[in-house]
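Chain by chain, the residues run as shown.
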Amino acid sequence: MNKLAYRKLTLFLFVLLFYSNIQSQEFSKNSIRISSGIGVSMDGTTDGLGIIYSVGYQRDIWKDKFRFNPNFSIGHYSSKFVMDARDQYFNSINLQTNLFYDLIKIRAFSVVLGTGLLINNSRGLIGTGGDFEGEQSSEYFSDFYFGGYFGGGFRINSPNKRATIDIMPLNINFGNDYFMESHLIIAIGIKF
């Protein structure tokens, strides 16, 4: 055999070995969970619609049905489409520790419930415009809230695929001083 034949055979064996390794790859119980969604954030002084982004670590802790998910999220909100509020532009930053449980699981599809704890900082500007035209000055604010999380939705997790997809129509963050956020979220998990 000449050098070219050896190279082709070596390349063929390498590709075959690499392909079989990908197909039979076992994933760990760890993953990165990235999500995005739309929703509302409100408390005693603010009320806005906006977009939220989240990134976190996720670990399977019991039979691929129970997961631990600490995460960080940031939302951007305004009162542009809220009719009964002053002009407002604010960010909401959450540090959360959530637990998710697959309540019903059929092959790769499951119905998910979640609960957890959170710390929130909402900060931004309340302006003079909007329905409250009598206001003469804008004000900056930065408020902290402590509370919880409750959520539910659907999950697609094929054991031999690297990615998972969560469609979570119910995500509610709640806390002191009438703090509440509600979002529709789509999350992608990437297994290690």
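Numbers given to residues run from 1 along each chain, matching the order in which its sequence is written. Restriction of local features to residues with pLDDT of at least 70 applies here, the model being predicted, together with a cutoff of 80 or more for giving and counting side-chain atom pairs; totals for whole chains, interfaces and linings are based on all residues. Side-chain measures were taken over the full set of non-hydrogen atoms in the model, leaving aside hydrogen atoms and water.

Trainee: I'd love a proper account of the pattern of salt bridges, names of residues and values included.
Mentor: Charged atoms that come close allow side chains of opposite charge to pair. A side-chain nitrogen of Lys or Arg and a carboxyl oxygen of Asp or Glu constitute a salt bridge if their distance falls within 4 Å. For the structure on display, the rule yields four salt bridges. Where R67 meets D102, a salt bridge forms, and the shortest distance between an N and an O atom there is 2.9 Å. Linking R67 in strand 3 (residues 66–78) with D102 in strand 4 (residues 86–106), this pair joins segments that are 35 residues apart in sequence. Note on accessibility: R67 and D102 belong to one class, buried. Here R86 ties to E139 by a salt bridge, and the two come within 3.5 Å at their closest N and O atoms. Here the residue R86 occupies a position in strand 4, and E139 occupies one in strand 6 (residues 139–156), the gap between them amounting to 53 residues. For E139, a relative accessible area of 39% corresponds to the partly exposed category. One salt-bridge network, in which partners are shared between bridges, spans R33, R155 and D166. Only DSSP runs of H or I with at least four residues qualify as helices, and only runs of E with at least two residues qualify as strands; both kinds are numbered from the N terminus onward. Classification of residues uses two cut-offs on accessible area relative to the type maximum, computed with a 1.4 Å probe and protein chains only: under 20% is buried, over 50% is exposed, and between them is partly exposed.

Trainee: Please set out the nonpolar core residue by residue, giving values where relevant.
Mentor: Residues enter a nonpolar core if they are buried and are Ala, Val, Leu, Ile, Met, Phe, Trp, Tyr or Cys, with the set joined through side-chain atoms within 4.5 Å. Listed in full, the 10 residues of the largest apolar core are I52, Y77, F90, F100, V112, I126, F141, Y149, M168 and I185. Contributions of two or more residues to this core are made by strand 4, strand 5 (109–130) and strand 6.

Trainee: Tell me about the environment of I51, residues and numbers included.
Mentor: With respect to the secondary-structure elements, I51 resides in strand 2 (residues 47–62). Along the primary structure I51 and I185 are separated by 134 residues, whereas in three dimensions their C-alpha atoms are 9.7 Å apart. Contact between two residues is taken to exist if any of their heavy atoms lie within 4.5 Å; hydrogens are not considered. For I51, the residues in contact, after removing those within four places along its chain, are S36, G37, I38, I74, G75 and H76.

Trainee: Could you give an account of the pairing of strand 2, with specific residues and numbers?
Mentor: Any two strands with at least two DSSP-identified bridges between them are counted as paired. By the bridge criterion, 13 bridges tie strand 1 (residues 30–42) to strand 2 in an arrangement that is antiparallel. Pairing of S41 across the sheet is with G48, part of strand 2. Relative to strand 3, strand 2 runs antiparallel, the two being bridged by 11 bridges. Across the sheet, L49 pairs through a bridge with S78, a residue of strand 3. Connecting strand 2 to the antiparallel partner strand 3 that follows it, the hairpin turn spans three residues, and K63 within it adopts a positive phi of roughly 50°.

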